Amino acid sequence: KNKRTCLLRGAALVARAVAWAATVSPADAKRADGVAWESDADVAFARARSEGKPVLLDFWGEWCKPCKRMDSKVFMKPAMRAYIEGHFVPLRVALPRPDSEHPLVTRYMVMRLPTLVITDPDGAELGRHAGNASPREIRHLLDQYQKIKK
């Protein structure tokens, strides 16, 4: 009887988790109160042009430990989220494997992850940072762009 009860409870728990997952989009689940990254480059650049904002591209991989560290230490911070979303159109270029090919990796000559690239709304590169960074370093990079912009 105890084995049957455990199995039924486990099945109910799985059913609730599946039902919850069905109500949350993958982007919302990934966000978890961090930066709301756009995943479609065409949409991001069109939005940047219409809003008159630069694009912040984050070249990232789920398998990349420094990427995940920077995500949790930088992009999950409420102040950084507000700053980025207020001044940039954030675009995450997710690479499923280290050897993945992507047109934006080629265009911006990304050699390592994580890499951040700031572009104007038409895609011209304005600045970049390769490797892990602290919130202060990322804010400094973004502030430098703000000075160029004015």
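Below: a short report on this structure.

Criteria and thresholds
- Residues numbered from 1 in each chain as written.
- Predicted model: local features only at pLDDT ≥ 70, side-chain atom pairs only at ≥ 80, totals over all residues.
- Heavy atoms only, no water.
- Disulfide = S-S within 2.5 Å.
- Buried < 20%, exposed > 50% of the residue type's maximum accessible area, 1.4 Å probe, protein only.
- Helix = DSSP H or I, 4+ residues; strand = E, 2+ residues; numbered from the N terminus.
- Arc of directions from axis to C-beta.
- Core = buried A, V, L, I, M, F, W, Y, C linked by side-chain atoms within 4.5 Å.
- Pairing = 2+ DSSP bridges.
- Axes fitted to C-alpha atoms, helices over the stretch in contact; angles between N-to-C directions.
- Contact = heavy atoms within 4.5 Å.
- Salt bridge = Lys/Arg side-chain N within 4 Å of Asp/Glu carboxyl O.

Focus on the state of the cysteines
Each disulfide is one covalent bond, formed between the sulfur atoms of two cysteines. Counted by the stated rule, this structure contains one disulfide. Residue pairing for Cys64: its cysteine sulfur links by disulfide to Cys67, the two sulfurs lying 2.4 Å apart. For the disulfide bridge between Cys64 and Cys67, the dihedral angle about the S-S bond is near 75°, and by the sign convention the bridge is right-handed. Cys67 carries the same exposure label as Cys64, and that label is buried.

Things to note about helix H4 (residues 65-75)
All of the buried residues along H4 are Cys67, Met70, Asp71, Val74 and Phe75. Along the axis of H4, the buried residues cluster in a sector spanning 105°; they form a single face.

Some points on the nonpolar core
Residues Leu57, Phe59, Leu91 and Tyr108 are the most contacted members of the largest nonpolar core, which totals 19 residues. Secondary structure elements with two or more residues in this core: helix H3 (41-51), strand S1 (55-60), strand S2 (89-94) and helix H6 (103-107). In terms of residue count, the dominant contributor to this core is S1 (four residues).

Looking at helix H5 (residues 78-87)
When we look at burial in H5, the residues that qualify are Met80, Tyr83 and Ile84. In an axial view of H5, the angular spread of the buried residues amounts to 95°, which keeps them on one side of the axis. Along H5, exposed side chains directed more than 90 degrees from the buried face belong to Pro78 and Ala82.

Things to note about the sheet that holds S2
Strand order in the open sheet formed by four strands is S2-S1-S3-S4, and the pairing between neighbours is mixed. Edge positions in the sheet fall to S2 and strand S4 (125-130), since each has one partner strand and no second. Across the sheet, the axes of successive neighbouring strands diverge by a mean angle of 15°, strand direction being ignored. Of the strand pairs in this sheet, strand S3 (residues 115-119) and S4 are connected by five bridges, and their pairing is antiparallel. Residue pairing in the sheet places Leu116 in a bridge with His129 of S4. The strands touched by H3 within the sheet are S1, S2 and S3, with S2 carrying the most contacts at an inclination of about 165°.

Quick notes on the pattern of salt bridges
One pass over the structure, following the stated rule, counts nine salt bridges. The residue Arg128 makes a salt bridge to Glu125 at a minimum N-O spacing of 2.8 Å. Note on Arg128: relative accessible area 33%, which makes it partly exposed. Its relative accessible area of 37% is what places Glu125 among the partly exposed residues. As a salt-bridge pair, Asp143 and Arg139 come within 3.0 Å of each other at their nearest N and O atoms. With a gap of four residues between them, Asp143 and Arg139 both fall in helix H7 (residues 135-149), about one helical turn apart. Residue classification places Asp143 among the partly exposed positions, given a relative accessible area of 27%. A relative accessible area of 35% places Arg139 in the partly exposed class. Put simply, Arg47, Glu51 and Lys53 are held in one network by salt bridges that share partners.

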